[in-house]
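# Geometric and topological summary
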Amino acid sequence: MDRVAGVVEVWRTNDTHEVVIGHPALTQDSRGSGQIAFSPRSARHLAHLLIEHAEDAEAEATGKPHNLDMADF
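Residues numbered from 1 in each chain as written. Predicted model: local features only at pLDDT ≥ 70, side-chain atom pairs only at ≥ 80, totals over all residues. Heavy atoms only, no water.

Pairing is antiparallel in the open sheet, where four strands are placed in the order E1-E2-E3-E4. Two strands bound the open sheet, and with one partner strand each, they are strand E1 (2-4) and strand E4 (35-38). Looking at each pair of strands side by side, their axes are set apart by 20 degrees on average, direction ignored. Lying over the sheet, helix H1 (residues 40-62) contacts strand E3 (19-22) and E4, oriented at roughly 110 degrees with respect to E4. (Pairing = 2+ DSSP bridges. Helix = DSSP H or I, 4+ residues; strand = E, 2+ residues; numbered from the N terminus. Axes fitted to C-alpha atoms, helices over the stretch in contact; angles between N-to-C directions. Contact = heavy atoms within 4.5 Å.)

Turning our eyes to something else, we now look at the environment of Gln 35. Among the secondary structure elements, Gln 35 is positioned in strand E4. Taking the relative accessible area as the measure of exposure, Gln 35 reaches 27% and is therefore partly exposed. Residues Gln 35 and Ala 25, spaced ten residues apart in sequence, show a C-alpha to C-alpha distance of 9.2 Å. Aside from chain neighbours lying at most four places away, what touches Gln 35 is Trp 11, Val 20, Ile 21, Gly 22, Leu 26, Thr 27 and Asp 29. (Buried < 20%, exposed > 50% of the residue type's maximum accessible area, 1.4 Å probe, protein only.)

Geometric values such as these leave the question of function open.
In structure tokens, the structure reads:
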């Protein structure tokens, strides 16, 4: 299990081969755990979206555009 910002937990199940994200603010299941399970494909898609949004947010915060093609210069 890995933790992000000390609160969000990420792990992989051995039985269903899903990627799971847990957070205390999520609605709790029967085990008292708030979590969202993703198929491996959906987890990759989520990871891609998170990276894209993080790059956009960083570029906006620093005033530096990202995804520049050096051939344009």
